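Residues per chain are reported as follows:
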Amino acid sequence: MSDTLPPLPKPARRTDEPLLLELGAGADTGVGTEGEADEPCLRADAARNRARLLEAAGRLVEQHGAAGLTMEAVAAAAQVGKGTVFRRFGDRTGLLMALLDHSERKLQAAFLSGPPPLGPGAPPVERLRAFGVAVLRRAFDELELQLAAEGEPGRRFASAPHLVRSSHVTMLLRQAIPDADCELLAKTLMGYLDPALIHHLTRQCGMPPARLEAGWIDLVDRIAGGTPSL
C-alpha cells in the first residue's frame, strides 16, 4: 500500500456569477511563459465582457434614462456581481464616460483627421465654427447622458476628452490670432459648449438648437476675427 496521499480535490468555482476576465488580471501572478502566451486570449475575453456590460448599460439608458443607470442595475442586467462592474469602470461616472466613448471617438476622428471644414484643410476660423457646431449637435443628441457623466470640476476639466478638445481649440486660435492669450480664450469658448449651459439654454430657456449654433459662429467670428457668415 502506498504512503502517498491522493491530491486534494480542487474547490468548485462558484456558479452564481459568470466569470468576467479583467485586463491584466495575470500581470502580478508570477505566471511564466504559459501565462504570457494566454494574454491575447485574456484581452479578447476582457474586451467582449466589457462590451457585454456596456450593452446592458445602454439598454438601461434607453428604457429608464440616464437617471436609472446605477452600478447595481447594470450588474443585475448583465447577470454579474456588482463588484465586477466597479472593477471594470471604477464608478458610475466612469461607466457613463465609457458609454459616451464611441461617439467621442467619432467626433475626435472628424476634427483631427476628417474632411474640412471640421478636419484639416480649411482656415482655422472655419474649423472653429465647424468644431463648435459638431460638439453642439452631439450634445443635443446625448444631453442627458453627458450631464449625468459630468463629475466634480477637477475631474471634469482633467478628463481626456475635455483636454483633447481644449487643446484643439487652442491650436486653432493660435493659428488665427497668434498674439492673443489663446489658452485662456479656448477655455472661454469651451464654456459655451458646456452641457450644463446647453441644458439651461435649450430646456429651461427654450432656445432652439439653431440659435445656439448661430451664436457659436458669431462668438467665434468676434473673437477670432473671421468674416461674418451670411
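Just so we're clear, the structure is a prediction, and the values are computed from it rather than from any experiment.

Tell me what's going on with the environment of Gln 146, and back it up with residues and numbers.
For Gln 146, the location among the structural elements is in helix 5 (residues 124–149). With 48 residues separating them in the primary sequence, Gln 146 and Asp 194 have C-alpha atoms 9.5 Å apart. Those residues in contact with Gln 146 that sit more than four places away from it in its chain are Leu 100, Arg 138, Ala 139 and Pro 195.

A description of the nonpolar core should follow, citing residues and the corresponding values.
If you look at the biggest cluster of nonpolar residues, it comprises 28 residues, and the most contacted ones within it are Leu 128, Phe 131, Leu 136, Val 169, Leu 173, Leu 193 and Trp 216. If you list the elements that add at least two residues to this core, you get helix 4 (92–113), helix 5, helix 7 (160–176), helix 8 (182–192), helix 9 (195–204) and helix 10 (209–224). Excluding residues within four positions of it along the chain, Leu 193 makes contact with Phe 131, Gly 132, Val 135, Leu 136, Ile 198 and Trp 216. Ranked by size, the runner-up nonpolar core spans 20 residues in total, among them Ala 66, Met 71, Leu 100 and Leu 145.

Outline helix 4, supporting the account with residue identities and numerical values.
With 22 residues, helix 4 should reach 32 Å at 1.5 Å per residue; the first-to-last C-alpha distance of 31 Å fits that figure. The largest bend along helix 4 reaches roughly 45° and is located at Asp 101. Those residues of helix 4 that sit buried are Thr 93, Gly 94, Leu 95, Leu 96, Ala 98, Leu 100, Ser 103, Glu 104, Leu 107, Gln 108 and Phe 111. Its side-chain oxygen at 3.3 Å from the backbone nitrogen of Thr 93, Asp 91 defines the N-terminal cap of helix 4.

Describe in detail the packing of aromatic side chains, supporting the description with residues and values.
Tallied over the entire structure, the rule returns 2 aromatic pairs. With a centroid separation of 5.2 Å and 80° between ring planes, the pair formed by Phe 111 and Phe 131 is classed as edge-to-face. You can see Phe 111 sitting in helix 4 and its partner Phe 131 sitting in helix 5, a full 20 residues away along the chain. Considered together, Phe 111 and Phe 131 belong to a single accessibility category, that of buried residues. A ring pair is formed by Tyr 192 and Trp 216, whose centres lie 5.8 Å apart and whose planes are at 55°; its orientation type is tilted.

Describe the pattern of salt bridges, listing the residues and the values that go with them.
Taken as a whole and assessed by the stated rule, the structure comprises 8 salt bridges. Two residues, Asp 101 and Arg 105, come together in a salt bridge whose shortest N-O distance is 2.6 Å. Taken as a pair, Asp 101 and Arg 105 lie in helix 4 at a separation of 4 residues, close to a single helical turn. On the basis of relative accessible area, Arg 105 is assigned to the exposed category, the value being 57%. Put simply, Arg 138 and Glu 104 hold a salt bridge, and the shortest N to O gap is 2.7 Å. Highlighted residues: Arg 138 in helix 5 and Glu 104 in helix 4, separated in sequence by 34 residues. Each of Glu 104, Arg 138, Glu 142 and Arg 165 takes part in one network of salt bridges that share partners.

Which residues make up the side chain of Thr 202, and what are the values?
With respect to the helices and strands, the residue Thr 202 is situated in helix 9. At a separation of 2.7 Å, a polar atom in the side chain of Thr 202 contacts the main-chain carbonyl oxygen of Ile 198.

Requested: an account of helix 9, with residues and values cited.
All buried positions along helix 9 are accounted for by Pro 195, Ile 198, Leu 201 and Thr 202. An end-on view of helix 9 places all buried positions within 130° of arc, on one side of the element. In helix 9, the exposed positions that point more than 90 degrees away from the buried face belong to Arg 203 and Gln 204. The inward-facing, buried residues of helix 9 abut helix 5, helix 8 and helix 10. Where helix 9 starts, the residue carrying a side-chain oxygen 2.9 Å from the main-chain nitrogen of Ala 196 turns out to be Asp 194. Gly 206 sits one or two positions beyond helix 9 and adopts a positive phi of about 75°.

Could you give an account of the packing of helix 7 against helix 8, with specific residues and numbers?
Running from amino to carboxyl end, helix 7 crosses helix 8 at an angle of 125°, the nearest separation of the two axes being 8 Å. With respect to each other, helix 7 and helix 8 are oriented oblique. Along this stretch, helix 7 crosses helix 8, giving a crossing that reads as right-handed. When helix 7 is examined against helix 8, the residues His 162, Arg 165, Ser 166, Val 169, Thr 170, Leu 173 and Arg 174 are found in contact with a partner set consisting of Cys 182, Glu 183, Leu 185, Ala 186, Lys 187, Leu 189 and Met 190.

Rules used throughout
Residue positions are counted from 1 within each chain, in the order its sequence is given. Given that this is a predicted model, residues contribute local features only at a pLDDT of at least 70 and side-chain atom pairs are listed and counted only at 80 or more, while totals for whole chains, interfaces and linings are drawn from all residues. To obtain the side-chain values, all non-hydrogen atoms of the structure were included, while hydrogens and water were left out. Under the DSSP-based scheme used, a helix requires at least four consecutive residues in state H or I and a strand at least two consecutive residues in state E, with every element numbered from the N terminus. In this analysis, two residues are considered to be in contact whenever any of their non-hydrogen atoms come within 4.5 Å of each other. Only buried residues count toward a nonpolar core. Its members are Ala, Val, Leu, Ile, Met, Phe, Trp, Tyr and Cys residues joined through side-chain atoms within 4.5 Å. The buried label goes to any residue with under 20% of its type's maximum accessible area, the exposed label to any with over 50%, and the partly exposed label to all in between, with areas taken from a 1.4 Å probe on protein chains only. The span you would expect from a helix comes to 1.5 Å times its residue count less one. Bend is the name given here to the angle between axes fitted to two runs of seven residues, the run ending at a residue and the run starting at it. The definition of a polar contact used here is a pair of N or O atoms within 3.5 Å, where within protein one atom must be able to donate a hydrogen and the other to accept one, and adjacent residues in sequence count solely through side-chain atom pairs. The pairing test for Phe, Tyr and Trp rings, Trp by its six-membered ring, is centres within 6.5 Å, and the orientation test on the planes gives stacked under 30 degrees, edge-to-face over 60, and tilted for anything in between. Whenever Lys or Arg places a side-chain nitrogen within 4 Å of a carboxyl oxygen from Asp or Glu, that contact is recorded as a salt bridge. Each C-beta atom gives one direction from the helix axis, and the arc is the one those directions make. Axes here refer to lines fitted to C-alpha atoms; in helices the fit is confined to the stretch in contact. Angles between the N-to-C directions go from 0 to 180 degrees. Working definition: roughly parallel below 35 degrees, roughly antiparallel above 145 degrees, roughly perpendicular at 65 to 115 degrees, and oblique for all remaining angles. Should the near helix be turned anticlockwise from the far one by less than a right angle, the crossing is left-handed, and should it be turned clockwise, the crossing is right-handed.

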